[in-house]
Each structure stands twice: as structure tokens, then as C-alpha cells.
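Descriptive analysis of the structure
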Amino acid sequence: MFSQPGPTHLLRRGDPMQPGAEVSPSAIAAVNPGWDWDASPGAPEAERRLALARWIGDPANPLPARVMVNRLWHYHFGRGIVATPSDFGFNGGPPSHPELLDWLASRYIAEGSRLKPIHRLMVLSAAYRRSSRIHPKAREVDAQNRLLWRMTPRRLEAEAVRDAVLSASGLLDAQMGGPGYNIWEKNSNYVAIYKPRAELGPDAFRRMVYQFKPRSQQDPTFGSFDCPDAALVAPRRNTSTTALQALDLLNSGFVVQQADAFARRIAAEAGPDPEKQVERGFALALARPPTPAERAAGAALIRSHGAPSFCRALYNANEFVYAP
């Protein structure tokens, strides 16, 4: 049940003690001139909400469709047609391909606002299937690749990097739904203090999307991979390259633990031959066979420093943390 809201007034200079004219429920004329909700000023709250939902979902209203397809494009290509996915206004970025944005929005509406057909349309496009190879002449004209002359390499997000580490080691718990997991020690202080657990067990080997995330507190290993603060809204993540990321992937307790498990896995699946272990490690971590030089170098590393060191090297490869 919704309670009936009281009247809303314009506030002179934003002062709640100086109410002005009453504002009735309506669309924003500056955004959609001439469009209005089908709700009278005295309509019940439930009726007002329904009128707003109908206005947003009206096939004649292109704005929600543009925002949705731009977000899909953002996640597939690393940057939206409008580079500011939560700001289509004057303070936001202009669309790089306005006609493409409108065409995708019209296709989305024609498909009954279903996402799967638009996902399919994008991933089967020539733009999505382009190589990431650099062409010197194209780079001179468009160094930022706003014209989509190649597929821009994208580093995996923090959650995907952690999941990939667990997947390669064979310890990833693929259970879906249910309660999440906690990587912090329990405490009964009046003010919560988040201290990382000394060791993580199978209960913490689920996908990172299920991790309990306190505000203003980053994951001790993967927070360096630009994982946003839970206290802030982050429509688009920054992507940085820092020395701390390499140190976390090389020396953190979690990665050392997973490298040991990864080494045990390739030994069990490939046998004692170091070259066979290298081939299995490349298949699990990079989804490809090693080159002859990589096979020889990896086998030498296993013979001299052990398989865990080889597995940590795979975790630190650019190819492991960047989408191909």
C-alpha cells in the first residue's frame, strides 16, 4: 500500500521555508516537449507510479532505449557510444556514432525491449570481431579508437581476475545464488573494523560477485585493480596500470595459495614431465598451447624453482588479465 504524498512546491532559492507554486506530477518538458503523464495532480500514488512506468516504457520514448543500448555497448567494447553512460546531458560526452545509437535503440524497441537480440547483434558485428592489431596510419588519425578501427584491448575487471585465478587452480565454486562469503575476520567492536582473514578456505572460493563488500574497504588483493568504492556510484570504472597490481598478483597470500593449488592440478593432469605441465598450464590459464620458446622457458622454470613459480608467472602474464 502506498500512502498519498503531500503537495510538492517549487522552493524559492532552494529554501524549504519559502514554498512557491505547486508542482504536479508530469514529465520534464525540457527533455520531451509536449509529453505528459496520464495522471491527474490528485491521482493516488500507485496511479502516479504506473503513469511514470508507462511513460518510460512507451515505444515512442527513445531515451530509455538509448541509455540501455549504450550501456550494453559500453560493456562489450569497453566504452559506450556515449562515453558517459549515466550522463546524456550537456555535461556528458557527445556520441561518437549518433546514427548508430539511434538505430540500436530502434532495434531494441522493435525487439520488445529484449536484451539477448541486441547482445547477439553487437557480438556478431564486424566492429566487435575486429583484431586488436595496431595500424600506424589509423592510429595517426584516431589514437583513441573512437571510430572503432580495431578492438581496444581491455583489462579484466577485478572480479573477473579473481574468478580466473580460481578457475585456473580448479578451486572455483560455481554455486549460484544464496548467501555470499566474507573475507574479513569477525569482530564484535562497537565500530566495525575490517581485518582480512589470514587464510581463505573453500567457503571463500565463490565468484567475487558474492563477496561481502563493506563501504570504503577494498579487497586486500584485488582492490588495486580499480574495483570501485562501494560507497560511491561508478557508472564507468577507471582502468589503471600500477606496480601494486603486479605485486599483488605475485606475492599476495591468496595468489600464492592458488598457485600452489594450480601446480598440484597440472601435476595431477599432465604427470611429472615439466614440458607437459607447461602445456597444461597454458591451456588452463591462457586457453592456447605454448610456443616452443615458451615451452622451453616454462619447463626450465619448473625444473629450477618448481611448478608454483611457473603458475605465478602465468597469473602475472598480460595475456591472463587482458581480454584478447
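Up top is the structure these notes are about.
So, how was this worked out
Residues numbered from 1 in each chain as written. Predicted model: local features only at pLDDT ≥ 70, side-chain atom pairs only at ≥ 80, totals over all residues. Heavy atoms only, no water. Helix = DSSP H or I, 4+ residues; strand = E, 2+ residues; numbered from the N terminus. Rg over C-alpha atoms; globule rule 2.2 N^0.38 Å. Contact = heavy atoms within 4.5 Å. Areas by Shrake-Rupley, 256 points an atom, 1.4 Å probe, with all protein chains shown as cover. Lys, Arg positive; Asp, Glu negative; His and termini not counted. Charge placed at Lys NZ, Arg CZ, Asp CG, Glu CD. Core = buried A, V, L, I, M, F, W, Y, C linked by side-chain atoms within 4.5 Å. Buried < 20%, exposed > 50% of the residue type's maximum accessible area, 1.4 Å probe, protein only. Salt bridge = Lys/Arg side-chain N within 4 Å of Asp/Glu carboxyl O. Axes fitted to C-alpha atoms, helices over the stretch in contact; angles between N-to-C directions. Parallel < 35°, antiparallel > 145°, perpendicular 65-115°, else oblique.

1. Remarks on the overall build of the protein
Secondary structure summary: the protein contains twelve helices and four strands in total. The C-alpha radius of gyration of the protein comes to 26 Å, more than 25% above the 20 Å expected for a compact globule of 324 residues. For the protein, the spread of C-alpha atoms along the principal axes amounts to about 80 × 60 × 35 Å. Considering only residue pairs separated by 6 or more positions, the protein has 54% of its internal contacts joining residues 24 or more positions apart. Summing over all exposed atoms, the protein offers an accessible surface of approximately 19700 Å²; the carbon and sulfur share of this is 57%. Between the centroid of the 39 positive side chains of the protein and the centroid of its 31 negative side chains there is a distance of 4 Å.

2. A few points about the nonpolar core
If you look at the biggest cluster of nonpolar residues, it comprises 37 residues, and the most contacted ones within it are Phe222, Phe254, Phe262, Phe310, Tyr315 and Phe320. If near-sequence neighbours (up to four positions away) are discounted, tyrosine 315 is found in contact with Val165, Ala168, Ser169, Leu249, Val255, Gln258, Ala259, Phe262, Phe320 and Val321. Ala65, Ile81, Ala105 and Ala127 belong to the second-largest nonpolar core, a separate cluster that totals 16 residues.

3. Considerations on the pattern of salt bridges
As enumerated under the stated definition, the model contains eleven salt bridges in all. Put simply, aspartate 203 and arginine 197 hold a salt bridge, and the shortest N to O gap is 3.2 Å. A residue is classified by how much of its surface remains accessible, and aspartate 203, at 45% relative accessible area, is partly exposed. For arginine 197, a relative accessible area of 23% corresponds to the partly exposed category. The partner of glutamate 319 in a salt bridge is arginine 288, and the shortest N-O contact between them spans 2.7 Å. You can see glutamate 319 sitting in helix α12 (residues 318-321) and its partner arginine 288 sitting in the loop between α9 (274-286) and α10 (292-305), a full 31 residues away along the chain.

4. Observations regarding the packing of helix α6 (residues 158-169) against helix α8 (residues 253-270)
In contact at an axis separation of 8 Å, α6 and α8 are set at 30° when each is read in the N-to-C sense. Judged by the inter-axis angle, α6 sits roughly parallel to α8. Seen from α6, the contacting residues are Arg162, Val165, Leu166, Ser167, Ala168 and Ser169; seen from α8, they are Phe254, Gln258, Ala261, Phe262 and Arg265.

5. Things to note about the environment of glutamate 45
Inspection of the secondary structure assignment puts glutamate 45 in helix α1 (residues 45-57). Exposure remark for glutamate 45: the relative accessible area of 16% places this residue in the buried category. Through-space distance from the C-alpha of glutamate 45 to that of arginine 303 is 72 Å; in sequence the pair is 258 residues apart.

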